[in-house]
Amino acid sequence: MDAVRLIAAGRHALARSGAALDIVGEAWQAQALAQGMGNWLAVTGPRELRSEARGLGEAGGRGCGVFDRAALRGEGRGPDHPPRAAQLSGVADVRQALLGLQELLGEVGIALVGVACATDDESLYWQCIESIDAADESSDRVRAILRLLMVRERGSTTGAV
């Protein structure tokens, strides 16, 4: 499935999430998608983007590792449930996919702030804080790739390669 469709599915699922563990599970899904997109772009994307794309894949992977696997397992989410990113078959429109991923990561961060503020569970609180940092790092990587993509496109319109 194309990245843009997977991102739309993730945004929809996050918007429907009400319970804290559902939101945490969707944050995990978003980080898995960031990892998958980063890895895909690192292998098949434009050469100029590959280094930053590897960084996105690594940041997404670190973001996936933040969550308490036992808590997520009980909700049918997380590492024991295949991530949506496993369905990633390609990134037809790199710019659109990156913009969508950036929006998803921003929405994840906002949702996790809400969970962190509402919970009395110290472990969940710190997982949310670490995941907010991971989503921010992934978002920074996406922004860097978008900048490189813009430079690449400007170069191709002026005749430079």
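Since the model is a prediction, treat every value here as computed from it, not as a measurement.

Explanation requested: the overall build of the protein chain in the structure shown.
The helix and strand inventory of the protein chain stands at 6 helices and 0 strands. The proportion of buried residues among the 161 residues of the protein chain is 47%. Counting only contacts in the protein chain whose residues sit at least 6 apart along the sequence, the fraction spanning at least 24 positions is 80%. Summed over its atoms, the accessible surface of the protein chain is roughly 8000 Å², and 52% of this surface lies on carbon and sulfur atoms.

How should the environment of Val4 be read in this particular structure?
Among the structural elements, Val4 can be located in helix α1 (residues 3-16). Of the residues examined, Val4 reaches a relative accessible area of 30% and is grouped as partly exposed. When the C-alpha positions of Val4 and Leu88 are compared, they lie 9.6 Å apart, and in sequence the two are 84 residues distant. Beyond its immediate chain neighbours, meaning those up to four positions away, Val4 contacts Asp93, Gln96 and Ala97.

Where do I start with the nonpolar core in this structure?
The nonpolar side chains of a soluble globular protein tend to be buried with one another. In this structure, Met37, Leu98, Leu101, Leu104, Val108 and Leu112 are the most contacted members of the largest nonpolar core, which totals 41 residues. Elements with a contribution of two residues or more to this core: α1, α2 (20-44), α3 (50-64), α5 (94-118) and α6 (122-157). Setting aside residues up to four positions removed in sequence, Leu98 forms contacts with Met37, Leu41, Val142, Ile145 and Leu146.

Looking at this model, I keep getting lost on the packing of α1 against α5. Mind explaining?
For any two helices packed against each other, the geometry comes down to the angle between their axes and how far apart the axes lie. Between α1 and α5, the least distance of the axes is 9 Å, while the angle of their chain directions is 20 degrees. As the angle between them shows, α1 and α5 are arranged roughly parallel. As for how α1 packs across α5, the hand of that crossing is left-handed. Facing α1, whose interface residues are Ala3, Val4, Ile7, Gly10, Arg11 and Leu14, α5 presents Gln96, Ala97, Gly100, Leu101, Glu103, Leu104, Glu107, Val108 and Ala111. Residue classes in the contact of α1 with α5 are distributed as 9 nonpolar, 3 polar and 3 charged.

When you look at the environment of Pro82 in this model, what are you seeing that I'm missing?
Within the secondary structure, Pro82 is located in the loop between α4 (69-74) and α5. Spatially, the C-alpha atom of Pro82 lies 9.1 Å from that of Gln29, the residues being 53 residues apart in sequence.

Whenever I open this one, the side chain of Gln102 confuses me. Can you help?
Following the sequence through the fold, Gln102 ends up in helix α5. A relative accessible area of 19% means that Gln102 is categorised as buried. For Gln102, the contacting residues outside a window of four places in its chain are Ser139, Val142, Arg143 and Leu146.

Teacher, can you tell me more about the packing of α2 against α5 here?
Viewed as axis vectors pointing N to C, α2 and α5 meet at an angle of 155 degrees, and their least axial separation amounts to 10 Å. One finds that α2 runs roughly antiparallel with respect to α5. In the crossing of α2 with α5, the sense of the turn from one axis to the other is left-handed. In contact with Ala20, Ile23, Val24, Glu26, Ala27, Ala30, Gln31, Leu33, Ala34, Met37 and Leu41 of α2, α5 contributes Val94, Ala97, Leu98, Leu101, Leu104, Leu105, Val108, Ala111, Leu112 and Val115. Here the contact of α2 with α5 is composed, by residue class, of 19 nonpolar, 1 polar and 1 charged.

The rules behind the values
- Residues numbered from 1 in each chain as written.
- Predicted model: local features only at pLDDT ≥ 70, side-chain atom pairs only at ≥ 80, totals over all residues.
- Heavy atoms only, no water.
- Helix = DSSP H or I, 4+ residues; strand = E, 2+ residues; numbered from the N terminus.
- Buried < 20%, exposed > 50% of the residue type's maximum accessible area, 1.4 Å probe, protein only.
- Contact = heavy atoms within 4.5 Å.
- Areas by Shrake-Rupley, 256 points an atom, 1.4 Å probe, with all protein chains shown as cover.
- Core = buried A, V, L, I, M, F, W, Y, C linked by side-chain atoms within 4.5 Å.
- Axes fitted to C-alpha atoms, helices over the stretch in contact; angles between N-to-C directions.
- Parallel < 35°, antiparallel > 145°, perpendicular 65-115°, else oblique.
- Left-handed = near helix turned anticlockwise from the far one by under 90°.
- Nonpolar A, V, L, I, M, F, W, Y, C, P; charged D, E, K, R; others polar.

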